[in-house]
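So the chains spell out like this:
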Amino acid sequence: MEHTVKIKSIEHVTHDVLRIVTEKPPSLSFKPGQAADISINKVNWQTEKRPFTFTSLPNYTYLEFTIKTYPSRKGVTNELLKLKKHDELIVADVFGDIAYKGKGVFIAGGAGVTPFISIFRDLHAKNEIGDNKLLFANKTKADIILEQEFKNTLGKNFINILSDEKVEGYLHGFITEDLLRAHVTTGAPGQGMGRNVYVCGPPPMMEAIEKQLANLKVDPKLIIKEAF
Ligand SMILES: Cc1cc2nc3c(=O)[nH]c(=O)nc-3n(C[C@H](O)[C@H](O)[C@H](O)COP(=O)(O)OP(=O)(O)OC[C@H]3O[C@@H](n4cnc5c(N)ncnc54)[C@H](O)[C@@H]3O)c2cc1C
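Residues numbered from 1 in each chain as written. Predicted model: local features only at pLDDT ≥ 70, side-chain atom pairs only at ≥ 80, totals over all residues. Heavy atoms only, no water.

Enquirer: Mind showing me how you'd approach the pairing of strand β11 (residues 196–201) here?
Expert: Regular strands show a simple pattern: their side chains alternate between the two faces of the sheet. Within β11, six of the six residues are buried, which leaves it mostly tucked inside the rest of the structure. With burial as the criterion, each face of β11 is covered, one bearing N196, Y198 and C200 and the other bearing V197, V199 and G201. Bridge count for strand β7 (residues 104–109) against β11 is five bridges, and the pairing is parallel. Looking across to β11, one finds that V105 is bridged to V197. Note: β11 against strand β12 (residues 223–227), five bridges, orientation parallel. Among the inter-strand pairings, V197 is bridged to a residue of β12, identified as I223. Where the polypeptide runs from β11 across helix α5 (residues 203–215) and back to β12, its parallel neighbour, the crossover connection is right-handed. (Buried < 20%, exposed > 50% of the residue type's maximum accessible area, 1.4 Å probe, protein only. Helix = DSSP H or I, 4+ residues; strand = E, 2+ residues; numbered from the N terminus. Pairing = 2+ DSSP bridges. Right-handed = clockwise from strand over helix to strand, strands pointing away.)

Enquirer: Would you explain the layout of surface pockets in this entry?
Expert: By rolling a water-sized probe across the atoms, one finds the places where empty space is left. By volume, the largest pocket is sized at about 1,000 Å³. What lines the largest pocket is a set of 38 residues, among which Y70, G109, A111, P202 and F228 lie closest to the centre. Of all the elements in the fold, those that place two or more residues in the lining of the largest pocket are β4 (50–53), β5 (62–68), α1 (76–80), β8 (133–138), α5 and β12. Looking at the lining of the largest pocket residue by residue, the class counts come to 19 nonpolar, 12 polar and seven charged. (1 Å grid on protein atoms, 1.4 Å probe; cavity = no way out; pocket = protein on both sides within 12 Å on 5 of 7 lines; lining within 4 Å. Points joined across faces, edges and corners; volume = space filled by probe spheres on them. Nonpolar A, V, L, I, M, F, W, Y, C, P; charged D, E, K, R; others polar.)

Enquirer: Even after reading the chapter, I still don't get the nonpolar core, so can you show me in this structure?
Expert: Counting residues in each nonpolar core, the largest one holds 23 residues, and the members touching the most others are V113, F116, F120, L134, F136 and F150. No other element matches the five residues that helix α2 (residues 114–125) contributes to this core. Residue contacts for F116: discarding those within four places in its chain leaves I98, F106, I107, A108, L134, Y198, V199 and C200. In this structure, A36, W45, F65 and L89 belong to the second largest nonpolar core, which totals 20 residues. (Core = buried A, V, L, I, M, F, W, Y, C linked by side-chain atoms within 4.5 Å. Contact = heavy atoms within 4.5 Å.)

Here's what the structure looks like:
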């Protein structure tokens, strides 16, 4: 079923990420971590559907999307940059493989953090953040989405790694097996780990992390993932 929703507000949260808030159709239901196929209700764009995650919670009175834009691709995210309050989006099928299955380590690359935004907001609302940890990989500090919110919610369990910039207090480089061993494994070396690992990011990052997790002997059943 498709729902046409009006944009209530649209603003930048980083230099290339938009926060779009829309009306919420009463009959639309989803779980924290899920996404929907979205298109723009404008001539020539209605059928150009792209998946975006709900970063609002199901009980909010509005829908929120947190969307990284790629102007050079001249696709949907570039077109979103031209939208204003009262323009419309079409929200179609709801889907998504990422849902909270218990405590663990969340590993995100760039906009891959969006399913974790709603999962952490949900846990925070229920007072169940516990010792969940977020390892967030970005190019530069300016690319970190909702840095302050994650700091407030997760404290020392929010770990940033920047590939293209050296900043004091932030790890530098790519996510490596050593880094995963240090931050993710709970058992002795070689024993793997017994908690969930949630991974979401661009396909090359996902491939690298999955290989590293296999080397660390992480039980594939504990890996919850989605490629963006
Ligand atoms: C389940 C799911 C949920 C998602 N949720 C979110 C979310 O909440 N927020 C978010 O920001 N993103 C999310 N994404 C990613 C998002 O769907 C894509 O970023 C989006 O579809 C890009 O749309 P686009 O039309 O701008 O570009 P595309 O459709 O990716 O590209 C348009 C054209 O640009 C060219 N192109 C494609 N890739 C590249 C490239 N790497 N370099 C150069 N040119 C290229 C191709 O010619 C392509 O046809 C999600 C993805 C999935 C699978």
